[in-house]
4 protein chains.
Amino acid sequence: MAGYAGNKDQVLNRLRRIEGQVRGLQRMVEEDTYCIDVLTQVSAVTKALQAVALGLLDDHLGHCVRDAVTSGGAEADEKVAEASAAIARLVRS
Amino acid sequence: MAGYAGNKDQVLNRLRRIEGQVRGLQRMVEEDTYCIDVLTQVSAVTKALQAVALGLLDDHLGHCVRDAVTSGGAEADEKVAEASAAIARLVRS
Amino acid sequence: MAGYAGNKDQVLNRLRRIEGQVRGLQRMVEEDTYCIDVLTQVSAVTKALQAVALGLLDDHLGHCVRDAVTSGGAEADEKVAEASAAIARLVRS
Amino acid sequence: MAGYAGNKDQVLNRLRRIEGQVRGLQRMVEEDTYCIDVLTQVSAVTKALQAVALGLLDDHLGHCVRDAVTSGGAEADEKVAEASAAIARLVRS
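Reading the values: rules and limits
Residues numbered from 1 in each chain as written. Chains lettered and ligands numbered in written order. Predicted model: local features only at pLDDT ≥ 70, side-chain atom pairs only at ≥ 80, totals over all residues. Heavy atoms only, no water. Least-squares fit on C-alpha atoms with pLDDT ≥ 70 in both. Contact = heavy atoms within 4.5 Å. Axes fitted to C-alpha atoms, helices over the stretch in contact; angles between N-to-C directions. Helix = DSSP H or I, 4+ residues; strand = E, 2+ residues; numbered from the N terminus. Parallel < 35°, antiparallel > 145°, perpendicular 65-115°, else oblique. Left-handed = near helix turned anticlockwise from the far one by under 90°. Buried area = accessible area lost by both parts, 1.4 Å probe. Salt bridge = Lys/Arg side-chain N within 4 Å of Asp/Glu carboxyl O. Polar contact = N/O pair within 3.5 Å; in protein donor to acceptor, adjacent residues only side chain to side chain. Nonpolar A, V, L, I, M, F, W, Y, C, P; charged D, E, K, R; others polar.

Draft legend 1. View of the relation of the copies chain A and chain B. Mapping chain A onto chain B calls for a rotation angle of 180 degrees and an axial translation of 0.0 Å; the resulting RMSD is 0.0 Å. The symmetry that links the two subunits is that of a two-fold axis. Of the interface residues in chain A, 100% have counterparts in chain B that sit at the interface too, so the contact is made through matching surfaces.

Draft legend 2. View of the relation of the copies chain B and chain D. In the superposition of chain B on chain D (RMSD 0.0 Å, axial shift 0.0 Å), the rotation amounts to 180 degrees. Both copies contact each other with a shared surface, as 100% of the interface residues of chain B are interface residues in chain D too.

Draft legend 3. Structural view of the packing of helix α2 (residues 35-71) of chain B against helix α3 (residues 74-92) of chain D. Taken N-terminus to C-terminus, the directions of α2(B) and α3(D) make an angle of 150 degrees; their axes are 10 Å apart at the nearest point. With respect to α3(D), the element α2(B) is oriented roughly antiparallel. Here α2(B) runs over α3(D); the crossing is right-handed. From α2(B), B:Q50, B:A51, B:L54, B:L57, B:D58, B:L61, B:G62 and B:R66 reach across to α3(D), where they touch D:A76, D:D77, D:V80, D:A83, D:S84, D:I87, D:A88, D:V91 and D:R92.

Draft legend 4. Structural view of the interface of chain A and chain B. With 45 residues of chain A at the contact, the number on the chain B side is 45 residues. Here chain A meets chain B over a buried area of about 4100 Å², counting both sides, of which 70% is carbon and sulfur. Taken together, the connections running from chain A to chain B amount to six salt bridges. B:E19 is paired through a salt bridge with A:R23; the nearest N and O atoms lie 3.1 Å apart. Inspection of the chain A/chain B interface yields 18 residue pairs in polar contact (both at pLDDT 80 or more). Counting residues per element, the side of chain A that touches chain B draws most heavily on helix α2 (residues 35-71) of chain A, at 17 residues. A per-class count over the side of chain A that touches chain B returns 25 nonpolar, nine polar and eleven charged.

Just distances and angles here, no functional claims.
This is the structure we're talking about:
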């Protein structure tokens, strides 16, 4: 089961809103909206995506990583390494 | 005229691909895809959005800011300040 | 005990190297080095600091958070929430 | 002349403060300060470095790029391309 199972509707709602924002960006470009206004909106969408990522990561630590640690064994090491790699990708993106 | 006028189709194509990626994220969540795989894809979409932003900014500097400087006058100051503010929002998002 | 206890020397070495890089930046500015070259070096120092942060976070998850989960109880919730908040600060900085 | 010539003292003061913060980080690690507190301070230093970068970039656009555009010719293209590349490094760091 995914770590975000308990928040699935919330995650989906956020992603649908982001999809709408990306379509809004397309309209802005089609209508030749001033560059700076398009850029402001791109920054807003980027922040919304990061909020989704931070939520997923929080769920992942609180469920998947936690469960692996509770179960013990080598899987816990693997989960921590995997979470760290995901955090690094996020920080560098 | 927007600074990205000469690249409008390219910008729109990128935004449509990003829209498709965001819909792909929704499918991943609906199908309970493992958190880390969803996170990897969120990082990819974030990078794609940043590439759009960097392209728009390059066009803006090379057209809007440049034209304002060539025309001279107070508008040039304003355009530089505006571009710097947009860069700051981008770096902090 | 801090989660980075086993890597303390490595963390200190990285921070000393970063201190040297920041002093190098001061010299560059004192000698009126071209802006773009200073900026390239600022980006390098920022990346070095992020690498320190990612290392600390990995140690924190693998030791502090993990130990709290193994011990069980409310402390585990607290540690996960605290780690998520630290990740959010890192992603947004 | 560097674009930040008029702000040189301010840039140097900021960099000296950042050097002090990095030394503070070393003390924190030597004294086994709790990971999350070290991480919070690393985020603060990263933000201070980004503020230096954004200031340098603003000076660069307002002086070096602007002067190149006013002078006209191929140098203007080069300066814009160079600034865009520096912004990209900053966004991705």
